[in-house]
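Geometric and topological summary
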Protein chains: 2
Amino acid sequence: MPGVPKEMKTMFTRDILPKLRQQGAETGQIILSKTLHTFGLGESAVAEKIPDLMRRDRNPSVGTTVSNGYVSLRINAYYNSREEAAEQLAKTEQQARVALGDLIWGEENDTLQQVIARLLSDHPLARQWAPAVCTAESCTGGLVAKMLTDVPGSSTYFRQGYITYNNEAKQDLLNVSAATLKTYGAVSEQTVREMAIGAATQSGAPFALAISGIAGPGGGSAEKPVGTVCIALASPRNDNAPQLDVSARTFLFPGDREMIRDRSAKTALTMLRFHLLGKPLPF
Amino acid sequence: MPGVPKEMKTMFTRDILPKLRQQGAETGQIILSKTLHTFGLGESAVAEKIPDLMRRDRNPSVGTTVSNGYVSLRINAYYNSREEAAEQLAKTEQQARVALGDLIWGEENDTLQQVIARLLSDHPLARQWAPAVCTAESCTGGLVAKMLTDVPGSSTYFRQGYITYNNEAKQDLLNVSAATLKTYGAVSEQTVREMAIGAATQSGAPFALAISGIAGPGGGSAEKPVGTVCIALASPRNDNAPQLDVSARTFLFPGDREMIRDRSAKTALTMLRFHLLGKPLPF
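In what follows, the accompanying structure is described. Computed from a prediction, not measured in an experiment: that's the story for all the values here. (Residues numbered from 1 in each chain as written. Chains lettered and ligands numbered in written order. Predicted model: local features only at pLDDT ≥ 70, side-chain atom pairs only at ≥ 80, totals over all residues. Heavy atoms only, no water.)

1. Describing the side chain of Ser-235 of chain A
Residues and elements named next belong to chain A. Note the following rule: By the criteria applied, helices consist of DSSP H or I runs no shorter than four residues and strands consist of E runs no shorter than two, each listed in order from the N terminus. Throughout, exposure labels follow a simple rule: accessible area from a 1.4 Å probe, protein chains only, divided by the maximum for the residue type, with under 20% read as buried, over 50% as exposed, and the rest as partly exposed. Side-chain atoms alone can form a polar contact between residues adjacent in sequence; in general such a contact is a pair of N or O atoms within 3.5 Å, and within protein one must be able to donate a hydrogen while the other accepts it. Throughout, a residue-residue contact means that at least one pair of heavy atoms, one from each residue, lies within 4.5 Å.
Structurally, Ser-235 is set in strand 8 (residues 228-236). Take Ser-235: its relative accessible area is 4%, and that puts it in the buried class. Within the local environment of Ser-235, its side chain forms a polar contact with the side chain of His-275, the two groups lying 3.4 Å apart. The contact partners of Ser-235, leaving out residues within four places of it in the chain, are Pro-206, Phe-207, Gln-243, Leu-244, Asp-245 and His-275.

Right, here's the structure in full:
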């Protein structure tokens, strides 16, 4: 097929798909598929959680693909009847969901951004203080806010964000203390905690995501190599008071600058997602 | 060739390129190429500026491709000697550069972000007030700041950015006046002017890019349809004083939400680029 996506899609839909369907009808074989998306674990770590499903001779078959940091499962069920294919597909999907739990954030054409948007729109605390989320970003330079606003209607949950790329900006905009920056450095859990609290306090939004890290290629050290990224999440302590809890984590992401920034933003969104689900981060 | 990029590249470099080179050597034909990148005009508008170069029977040949909103020229020179190919390629490139001027922002593997970074690093006013640039974004949600910080070392020119997604945030963070928002609306040249001045004043950075627009799919009106985007650039009035000039423009971008946000961010960076070049925006 031609490489131009528009031509390829037209040709596939118009010419190839009907022939495949006809072929399937002639041989009596039905193929049903389902794709599930995960984030947080590498491809092999995901596969290790579902060894039985990944067996080569299995039907429905389960394979993994990686795209933009997401590890996706592709389940294909090959049977002679549509009913049996659907039933076996659903059974395998259920087994995958049991084994992987909330590592699975969506299916088919879902985006992580849409899933976060739905969670924020449905969550009682997020609705109570809408727009509930703000951001404070250093190394990601606005990418978390950009992803939060990828979804139409994001103004219902997103109000404002800060990009504080140097120490002075972190102090001026987010009230990060000079002592914290001096003692622990800009890339530290202490600093991102203060960034998150500052962003939440300044904006009035009870949920705040803060990121500071070393995206590289320069700036790394033995103690904090390139890829070291600290992420904090501030959240309301309870239903009635605007008191904040803050959790912070340090990650070491592989890859180049673009990949480190991308993984950082998606990990921040995933921390928010698990918080809204009321569950601990499983990685 | 296989679709997996890594396999495709390996196979092309290892197997196909040597054969093509050998074929070229046997027929005595040399092909030299050059790619130039533009932004701001559509593919046909670019082609109309270089009708002679685009003639089908021309050698060197000139073709256009579009990727991510950038219209690129691909010049191919087919000659029997490397010297002649190089000479004719350079001549055609020069003709294209004369016809298109600073619409051409880079060549080959350049990125617009790198070009902006180089301009900011070289510009006397930007150096004097480094880090010189700040951002105030509404509909792009952080994308301009993200692009400015795509480049390693961006802390030399970028200090901080604001994402003000609703009216309250524009007032609180950037001192946009309630009267302006009420009279002209959030998507207006008046509002983005005040956003740019607010960002520059708050941050101390003399260059500020501000964007407010309707990325859709909802929110459009007859007067301001989806795709309407206002962009302002604040810049230092002269070498000695931190007084600001502000220019603002309204654009109507085609496409979906993602495309509108992408074009908005690239147009903002392009407004900054032409300002740093000391030239008017040619579109």
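2. Remarks on the pattern of salt bridges
Stated formally: Any carboxyl oxygen of Asp or Glu that lies within 4 Å of a side-chain nitrogen of Lys or Arg is treated as forming a salt bridge with it.
For the structure on display, the rule yields 26 salt bridges over all chains. As a salt-bridge pair, Glu-107 of chain B and Arg-97 of chain B come within 2.8 Å of each other at their nearest N and O atoms. Of the two residues, Glu-107 of chain B sits in strand 4 (residues 104-107) while Arg-97 of chain B sits in helix 3 (residues 82-100), which places them 10 residues apart along the sequence. Exposure remark for Glu-107 of chain B: the relative accessible area of 25% places this residue in the partly exposed category. What emerges from the salt-bridge pattern is a single network uniting Lys-34, Glu-93, Arg-97 and Glu-107 of chain A.

3. Quick word on the packing of aromatic side chains
Worth spelling out the cut-off: By convention, a stacked pair of Phe, Tyr or Trp rings (six-membered ring in the case of Trp) has centres within 6.5 Å and planes under 30 degrees apart, an edge-to-face pair has planes over 60 apart, and any other such pair is tilted. Whether a charge sits over a ring comes down to the Lys NZ or Arg CZ being within 6 Å of the ring centre and within 35 degrees of the ring normal.
On inspection of all chains with the given rule, the structure shows 8 aromatic pairs over all chains. When the ring of Tyr-165 of chain A is compared with that of Phe-158 of chain B, the centres are 5.8 Å apart and the planes differ by 70°; the resulting orientation is edge-to-face. Residue Tyr-165 of chain A is found in the loop between strand 6 (158-164) and helix 7 (167-174), and its partner Phe-158 of chain B is found in strand 6 (residues 158-164); the two belong to separate chains. With respect to class, Tyr-165 of chain A is no different from Phe-158 of chain B; both count as buried. Judged by centre distance (5.5 Å) and plane angle (15°), the rings of Phe-251 of chain A and Phe-253 of chain A are stacked. Residue Phe-253 of chain A is classed as buried on the basis of its relative accessible area of 11%. Taking the ring centre of Phe-274 of chain A as reference, the NZ or CZ of Arg-273 of chain A above it sits at 5.0 Å.

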